[in-house]
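A look at the structure
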Protein chains: 4
Amino acid sequence: MGMVGGGLTSFIGPVHRKAAGIDGEIELVAGAFSVIPGESKATGEALYLDPSRVYETYDEMFAAEKNMPADKRLDFISVVTPNHVHFGPSKAALEHGYHVIVEKPIAFSLDEAKTLRKLVDKTGLILGLTHTYTGYPMVKEARKFVSDGKLGKIRKVYVEYPQGWLSTLLEKSGNMQASWRTDPKQSGLGGAIGDIGTHAANLAEYITGQKISEVCALVHTVVEGRHLDDDTSMLLKFDKGASGVLLATQVAAGEENNLNIRVYGEKGGIEWRQQEPNTMIVKWHGKPMEVYRTGQGYMSDEAKAFTRTPAGHPEGYLEAFANIYRAFGKAVKEYKPGKKVNYEKYDFPDVEDGVRGMNFVTTVVKSVNSTKKWTPIKDV
Amino acid sequence: MGMVGGGLTSFIGPVHRKAAGIDGEIELVAGAFSVIPGESKATGEALYLDPSRVYETYDEMFAAEKNMPADKRLDFISVVTPNHVHFGPSKAALEHGYHVIVEKPIAFSLDEAKTLRKLVDKTGLILGLTHTYTGYPMVKEARKFVSDGKLGKIRKVYVEYPQGWLSTLLEKSGNMQASWRTDPKQSGLGGAIGDIGTHAANLAEYITGQKISEVCALVHTVVEGRHLDDDTSMLLKFDKGASGVLLATQVAAGEENNLNIRVYGEKGGIEWRQQEPNTMIVKWHGKPMEVYRTGQGYMSDEAKAFTRTPAGHPEGYLEAFANIYRAFGKAVKEYKPGKKVNYEKYDFPDVEDGVRGMNFVTTVVKSVNSTKKWTPIKDV
Amino acid sequence: MGMVGGGLTSFIGPVHRKAAGIDGEIELVAGAFSVIPGESKATGEALYLDPSRVYETYDEMFAAEKNMPADKRLDFISVVTPNHVHFGPSKAALEHGYHVIVEKPIAFSLDEAKTLRKLVDKTGLILGLTHTYTGYPMVKEARKFVSDGKLGKIRKVYVEYPQGWLSTLLEKSGNMQASWRTDPKQSGLGGAIGDIGTHAANLAEYITGQKISEVCALVHTVVEGRHLDDDTSMLLKFDKGASGVLLATQVAAGEENNLNIRVYGEKGGIEWRQQEPNTMIVKWHGKPMEVYRTGQGYMSDEAKAFTRTPAGHPEGYLEAFANIYRAFGKAVKEYKPGKKVNYEKYDFPDVEDGVRGMNFVTTVVKSVNSTKKWTPIKDV
Amino acid sequence: MGMVGGGLTSFIGPVHRKAAGIDGEIELVAGAFSVIPGESKATGEALYLDPSRVYETYDEMFAAEKNMPADKRLDFISVVTPNHVHFGPSKAALEHGYHVIVEKPIAFSLDEAKTLRKLVDKTGLILGLTHTYTGYPMVKEARKFVSDGKLGKIRKVYVEYPQGWLSTLLEKSGNMQASWRTDPKQSGLGGAIGDIGTHAANLAEYITGQKISEVCALVHTVVEGRHLDDDTSMLLKFDKGASGVLLATQVAAGEENNLNIRVYGEKGGIEWRQQEPNTMIVKWHGKPMEVYRTGQGYMSDEAKAFTRTPAGHPEGYLEAFANIYRAFGKAVKEYKPGKKVNYEKYDFPDVEDGVRGMNFVTTVVKSVNSTKKWTPIKDV
């Protein structure tokens, strides 16, 4: 694996490296870690890399590494730069014939996302997207629960992503994370919508197997002086008949990273909370509630495949992240040029999820500016 | 106290009686319990009442009881009939000079509610409304927390009332509760909106001290064959700048009576759930969460005034209900004809809450039929 | 009902009165509320009693009330005095032919308890004991769960009663509750053992249907200057093969009234916590956990019989207390002189529980003073 | 790092490897993975190791690897064999001059443990022990809380380790983990005492800074046909005045790995549960409870040093395990022959913890066979 971005001050870079490394199946061997002069080199050193494989730009890296002997050649590129630099290196990597795994969102605009999709279609290469939260074993279980019809027809979906870290004008106090995430030039059209709203939407669609078809959104900037939205709530309609609510906010003071979802069908409902990810509550109509737990023998094979420890030995965020890498890595390992990749089998977020995410953000922004109640999410 | 409604098969009648009786301050001495011939008498017997004070109709009761000697005379009337029979006896009672406590909703239509308000204004009599959930001590604490400014300016309000009991077409299976609650002729304009949505709205306004000023609502009937809505979600704007979401549904299969609210301000948020009503979670920005508990010495005087047992001896629904009766009863006891009642001091839901509830339902129904995003709640 | 004790400053008196009154089946009509001159009268007034039925001493009351006409006569006596005054009025009441319900512990010593038992046996009258915690519907459910064999053979029992209110030398600061409860002359042989340890032991035996047969106890006084024990932990053996741990402490600073129990059998375990009394967790070996909830249709008839509100409308401590009164009251109502009372049918704590509690305290104190590991609880 | 044990069918081997690998600071380069012919080789292949560095026995490995050039030489040995094979390779490794990290328990007997301690003292080399649970950041926080005196003098310690996996005679059904853990020849003197009781004791001592000085134990075999104890409960006295209870059982059917601890001092108590390891509840006398969360800015530096992700991104068992490796690895990296290692600074379990664990097991077994209440844990 070669990495683009993820220099010494990066938050998400080390997360990707730990997640990729945890199973001993993926090795970081090259990188263009930063545009800050010298930082790429320093990062490479800190990571014990061969200095000859540490580059100043990703273009250099892609060009130089192509000449490596087969057994040392990069199998794929990991792109972990800020949002506005996802598209460039991803596109270049695909064009150089590399598989790519890219931090979410896939790009800066819907058009960019569509360009990447076209490139993936054309090259047959694999693009993975680290929508981390669908990597949790219990999320797999929830999806299986719904697709097996255990809840009956799905009626209601409530998905929430409350955070509190942007309750103050943090971006003015030198916090780098806050700084780029609230800057339209680096972050994109949407603040809370894009940063966390897309995770919530992705989670809801992943678990229910239904696509959001219409939104009615309230989006605004709660903290004065901020340049992007930091709060959204919206009513949802799904394509197979469910309806629901999505809320994503960065100003729920006191909240950490409280992504959670509840899905109700005719017979009962399920509830999952990211902060206690190894537990799923199942509420039955007329029967006692049940509590499902990661690592138990009764879990589905789909969930078990993404579990590393026995029940009662909690798994967390890094393991969920690692699950994306593991599934993506397996697809890369089994990849045969010219043969279509069976994404269903590997079960990781791909270019389609990326396009869908950008489409969601674009539509929500459109809804905000509309006085009409409902705005449809069109196929793109 | 004299009671209208609450015959042997009633659900809410016994709840009112237990709630009124728990403190030993209020005694049921007369009643017109049912329109079913003989049932009023049978109910009176079961309740050990003097048969001469058990009536077939409330008109009879109001007329006859007025002639009682002062020390035996009814202090007030409790109206616990189905929704469409709230207005009649309440109006008659006021006209006969009785104070009235009436089960929520106050009436069948906004116009009826306004008529009652006019009558209260004119007579100076007291009308209490059993919006039970604001009777919990921890809800008083939450309100105090907000009004003391502990959370800073309020930004977000999420209030939910999910139930699951109407997940099937229960009204067709002989269930009396389901039957009248889903019948527009007995229940009114709104199903879930009126039955539980108003509780949620009332709770949100009570705690925040802000009024809902605009709604954008999705309301529909999920279970086929039902004659009233059983599910609603709506975006909210409040008059002092907060925004939020309200959801009320009777088809969240597996849910019991899961009323809950979260309120976030600049400095933190609070969370309260009716099913564990003695606990309030306070989430602080940058400090450890706190957990407040009913009965503790650190609770506010406002909350302590509504507590009966020490911390760790849980109080429940009946106690919350009893708190409404206790506060109302105290106002009645201290009532002086011609002197204005200080509702703020006693802290129980009154005719204004009743009008507001009907106004809410009426506006939400209007929103549903509108293609425009926002519908204002007008002053009435 | 006539009451002994429960004057204006009493904690438990009002609890008994509210609990007795909640269902509208029991009416307080007479009382000897206090030995403090004038307080009995003042209490009677505050309770709206007929002054002629308010007495200075219980002897007076018992004598005078016997002459009442049949329809006004007292059905039973409620004894709510401090521990050292439980025996006297209970004995006198039985001797005067009254049924008795007495606050726990039944008496000051094992001998006194045995005397009461003899009297109950001789007179055939009913003696109820307010071991409140077995009055919760969910405790009934737990007992039924075990007796139905759902957990298989019971192996382990962990019962705890941690409180924190005596973490400081509260009795020296004028707190009346702390004062008499830590005074050997008013409270008895055991401090924490007697006050709360007996509740824990009673709960464990009630749910499991097994009797504690041997104890190995650590009992001591943690807070310097206190005259009774405030902390105990003990290993337990049960007569049908289970073993376990009991802990009861009043110095677990920060705890409220956290009585809880876990019982494990061959197939699974159950867990119940008094502070959230409407929930029971069932942990299954190899299957998802279940969560049982008061008021649900799937609950056993034994539990349903003690429920007042539908699921999701929480019941609390007063309702549990009221359940003891209701069951006792029903037994009193159906009592026929000369006919043996079927205690099993009514399901409330009786004189046998009282004797057993005193025997437990006596044995634990013996264990403390022994260097031997195990001390048997002998039949008495 | 070189590894002894951890072949393809091992449970704990992969856990060690993932834990060691997660931070990118430790690389597995050699191993003697199994005594089963061919399995060591197969394991090496699966792990992408250089075949020339995969050995059939640890003796071979230690001998051969000593001749590696400095930059390829093993920095330390990880011993992950079953209990009865901890001593041999650890001793040999130390004798060959390697630092050692060894799976708990350190050895098969107290004598073996003391031999290793002597060897560590003599060589000055580092021995780490993977008592995983003290690796959690929140356990560090708990320890700091106590040592900072926030709870006042510690009075009560309740520590529990209930599991349910041995509720049936699993060892007879071909389960390898059950098989060796219940075999006295492979597991040692204690079943539940050794396997999980030592974790509980270690956790209690680590957090409180007090040593268990006396025990009074009930230990037995609940499941018929089993050759080692599967259940223990004991009363504890600590050297600085606290007392408490420890329970460790493998027959609490339905429990997973529910290690938990509660510690109460004069001012309040703390509670931590391994299954939700990122949360610590702090109960205060007279103040609202607090909830501490991993990753928050208010955590102590001691805890922050062992955290990888921001608050709300849950960390789990592997991260706790990795914390032991990280601290041990740092000590190894900074090791200077002849200079005493400052164990306090690195904060990982060492040879002293190993000796203490064996001493605990030995004493508990002695207590079981004694009719006396208390058995002291002697210094060894």
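Refer to the preceding data block for the structure.
Each chain has its residues counted from 1, running along the sequence as written. Going through the entries in the order they are written, you letter the chains from A and number the ligands from 1. For this predicted model, a pLDDT threshold of at least 70 governs which residues receive local features, and a threshold of 80 or more governs which side-chain atom pairs are given and counted, while totals over whole chains, interfaces and linings are taken from all residues. Side-chain numbers here rest on the full set of heavy atoms in the structure, without hydrogens or water.

Notes on the overall build of chain A
Let me state the cut-off plainly: Strands here are runs of E lasting at least two residues and helices are runs of H or I lasting at least four, both read from the DSSP assignment and numbered beginning at the N terminus. Radius of gyration here is computed from C-alpha atoms only, and the compact-globule reference equals 2.2 Å multiplied by the residue count raised to the power 0.38. Exposure categories follow from relative accessible area, calculated using a 1.4 Å probe and restricted to protein chains: below 20% of the type maximum is buried, above 50% is exposed, and the middle band is partly exposed. Residue exposure ignores everything except the shown protein chains as possible cover, and the areas themselves are Shrake-Rupley values with a 1.4 Å probe.
Looking only at helices and strands, one finds 13 helices and 14 strands in chain A. Its C-alpha atoms give chain A a radius of gyration of 21 Å, near enough to 21 Å, the size a compact globule of 380 residues would have. By principal-axis analysis of the C-alpha atoms, chain A measures approximately 65 × 50 × 40 Å. Looking at chain A as a whole, 66% of its 380 residues qualify as buried. Just so you have it, chain A exposes about 13500 Å², and 53% of that area is on carbon and sulfur atoms.

What to know about the nonpolar core
A general tendency of soluble globular proteins is for nonpolar side chains to be buried together. What counts, and what does not: For our purposes a nonpolar core is just a set of buried Ala, Val, Leu, Ile, Met, Phe, Trp, Tyr and Cys residues, chained together by side-chain atoms within 4.5 Å. Throughout, a contact is declared for two residues whenever any of their heavy atoms are within 4.5 Å.
Counting 220 residues, the largest nonpolar core has F360(A) and F360(D) as its most contacted members. Not counting residues up to four positions away in its chain, the partners in contact with F360(A) are I193(A), G197(A), T198(A), A201(A), I212(A), V215(A), M234(A), L246(A) and I377(A). Listed in part, the 219 residues of the second largest apolar core include A20(B), I22(B), V80(B) and F33(C).

Concerning the packing of aromatic side chains
Going by this rule: Between the rings of Phe, Tyr and Trp (Trp by its six-membered ring), a pair exists once the centres lie within 6.5 Å; its type follows the angle of the planes, with under 30 degrees stacked, over 60 edge-to-face, and the other angles tilted. Throughout this description, the term charge over a ring refers to an Arg CZ or Lys NZ atom that lies within 6 Å of the ring centre and within 35 degrees of the ring normal.
Tallying each qualifying case throughout the model produces 60 aromatic pairs over all chains. Ring geometry for Y292(A) and Y298(A): centres 5.2 Å apart, planes at 80°, overall edge-to-face. Grouping residues by exposure puts Y292(A) and Y298(A) together as buried. Measuring from ring centre to ring centre gives 6.1 Å for Y133(B) and Y317(B), while their planes differ by 45°; the resulting arrangement is tilted. Here Y133(B), found in the loop between β5 (127-129) and α6 (137-147), pairs with Y317(B), found in helix α11 (residues 317-334); they are 184 residues apart in sequence, far enough to count as distant. Here Y133(B) matches Y317(B) in class, with each residue buried. Ring-pair connections join several aromatic residues into one group, and the members of that group are F76(A), Y133(A), Y161(A), Y317(A), F321(A), Y325(A), F328(A), Y343(A) and F348(A). The ring centre of Y206(C) lies 4.2 Å from the NZ or CZ of R143(C), which sits over that ring.

Regarding the relation of the copies chain D and chain A
Put simply, the rule is: In superposing the copies, a least-squares fit is computed on C-alpha atoms, taking residues whose pLDDT is at least 70 in both.
Laying chain D over chain A is done by rotating through 180° and shifting 0.0 Å along the axis; what remains is an RMSD of 0.0 Å. The superposition of one copy onto the other is thereby described by a two-fold rotation axis. With an isologous cut-off of 70% or more, the 100% of interface residues of chain D that recur at the interface of chain A puts this contact in the isologous class.

Thoughts on the packing of helix α1 (residues 12-21) of chain B against α11(B)
All names here are of chain B. Quick reminder of the rule: As a rule, the C-alpha atoms of each element are fitted with a line to give its axis, helices using only the stretch in contact, and angles between N-to-C directions run from 0 to 180 degrees. When an angle is under 35 degrees it counts as roughly parallel; over 145 it counts as roughly antiparallel; between 65 and 115 it counts as roughly perpendicular; any other value is oblique. Note on convention: near helix rotated counterclockwise from far helix by under a right angle means a left-handed crossing. Clockwise means right-handed. We call Asp, Glu, Lys and Arg charged. Ala, Val, Leu, Ile, Met, Phe, Trp, Tyr, Cys and Pro are nonpolar, and the rest, Gly among them, are polar.
Running from N to C, α1 and α11 cross one another at 70°; their axes reach a closest spacing of 8 Å. One finds that α1 runs roughly perpendicular with respect to α11. The handedness of the crossing between α1 and α11 is right-handed. Note on element contacts: α11 touches α1 through Y317, L318, F321, A322 and Y325, opposite I12, V15, H16, K18, A19 and A20. Here the residues of the contact of α1 with α11 are counted per class, giving 9 nonpolar, 1 polar and 1 charged.

Describing the environment of F360(C)
Examined against the element boundaries, F360(C) turns out to sit in helix α13 (residues 351-368). By relative accessible area, which is 4% here, F360(C) ends up buried.

Description of helix α13 (residues 351-368) of chain A
Note that an α-helix has 3.6 residues per turn; residues three or four places apart therefore point the same way. Residue and element names in this part refer to chain A. The condition is simple: To estimate how far a helix should extend, the number of its residues minus one is multiplied by 1.5 Å. Polar contacts, as counted here, are pairs of nitrogen or oxygen atoms within 3.5 Å of one another; within protein the pair requires one atom able to donate a hydrogen and one able to accept it, and residues that are adjacent in sequence qualify only if both atoms are side-chain atoms.
Helix length check: α13, at 18 residues, gives a terminal C-alpha distance of 26 Å against a target of 26 Å (1.5 Å per residue), a fit within 8%. Across the 18 residues of α13, 13 count as buried, placing the element largely inside the fold. Between the side-chain oxygen of the N-cap and the backbone nitrogen of E352 there are 3.0 Å, and the N-cap of α13 in question is D350.

What about the pairing of strand β10 (residues 260-265) of chain A?
All names here are of chain A. Threshold: Note: two strands are recorded as paired if DSSP finds a minimum of 2 bridges between them.
Of all 6 residues in β10, 6 are buried, a share of seventy percent or more. Of the two faces of β10, the one carrying N260, R262 and Y264 and the one carrying I261, V263 and G265 are both buried. In terms of strand pairing, β10 meets strand β11 (residues 268-273) through 5 bridges, oriented antiparallel. When the sheet's bridge partners are listed, V263 is paired in β11 with I270. In textbook terms, the turn of a hairpin is the stretch between consecutive antiparallel strands, and for β10 and β11 this stretch comprises 2 residues.

Comments concerning the sheet that holds strand β1 (residues 2-4) of chain B
Residues and elements named next belong to chain B. With parallel pairing, 5 strands are arranged side by side in an open sheet as β2-β1-β3-β4-β5. Strand pairing shows two members of the sheet lacking a second neighbour, β2 (30-32) and β5, which therefore form its edges. The average angle at which neighbouring strand axes cross in this sheet is 15°, direction not considered. For strand β4 (residues 99-102) and β5, the ladder comprises 3 bridges, and the chain directions are parallel.

Considerations on the relation of the copies chain B and chain A
Once chain B is rotated about the relating axis by 180° and shifted along it by 0.0 Å, it coincides with chain A to within an RMSD of 0.0 Å. With an isologous cut-off of 70% or more, the 100% of interface residues of chain B that recur at the interface of chain A puts this contact in the isologous class.

Focus on the side chain of S300(A)
Residue and element names in this part refer to chain A. Checked against the element boundaries, S300 lands in the loop between β13 (287-293) and α10 (301-304). Taking relative accessible area as the criterion, S300 reaches 11% and is therefore assigned buried. Within the structure, the side chain of S300 is placed 2.8 Å from the side chain of E141, a separation counted as a polar contact. When sequence neighbours within four positions are dropped, the list of residues in contact with S300 reads E141 and K144.

Looking at the interface of chain B and chain A
Here is the rule we go by: Joining two parts hides part of their accessible area as seen by a 1.4 Å probe, and the buried area is that hidden amount summed over both. By convention in these notes, a salt bridge is any Lys or Arg side-chain nitrogen within 4 Å of a carboxyl oxygen on Asp or Glu.
The interface is formed by 47 residues belonging to chain B together with 47 residues belonging to chain A. Between chain B and chain A the total buried area reaches about 3300 Å² when both faces are included, carbon and sulfur atoms providing 55% of it. It is R155(B), H285(B) and K373(B) in chain B that bury the most area against chain A; as a group they hold 18% of the surface buried on that side. Linking chain B to chain A there are 6 salt bridges. Linking chain B with chain A are 24 residue pairs in polar contact (both at pLDDT 80 or more), by the criterion used here. Looking at the side of chain B that touches chain A, the elements with two or more residues in it are β6 (154-162), β7 (212-220), β8 (231-238), β9 (243-249), β10 (260-265), β11 (268-273), β12 (279-284) and α13 (351-368) of chain B. The biggest single contributor to the side of chain B that touches chain A is β8(B), with 6 residues. Considering only residue class, the side of chain B that touches chain A consists of 19 nonpolar, 16 polar and 12 charged.

Describing the interface of chain D and chain A
If you look at the interface, chain D gives 30 residues, while chain A gives 30 residues. The largest share of the area that chain D buries against chain A comes from K18(D), E256(D) and P314(D), three residues that together contribute 22% of it. Here E256(A) makes a salt bridge to R293(D), at a shortest N to O gap of 2.8 Å. Here chain D is connected to chain A by 18 residue pairs in polar contact (both at pLDDT 80 or more). Here the element with the most residues in the side of chain D that touches chain A is helix α11 (residues 317-334) of chain D; it accounts for 4 residues.

No statement about biological role is implied by the geometric values presented.
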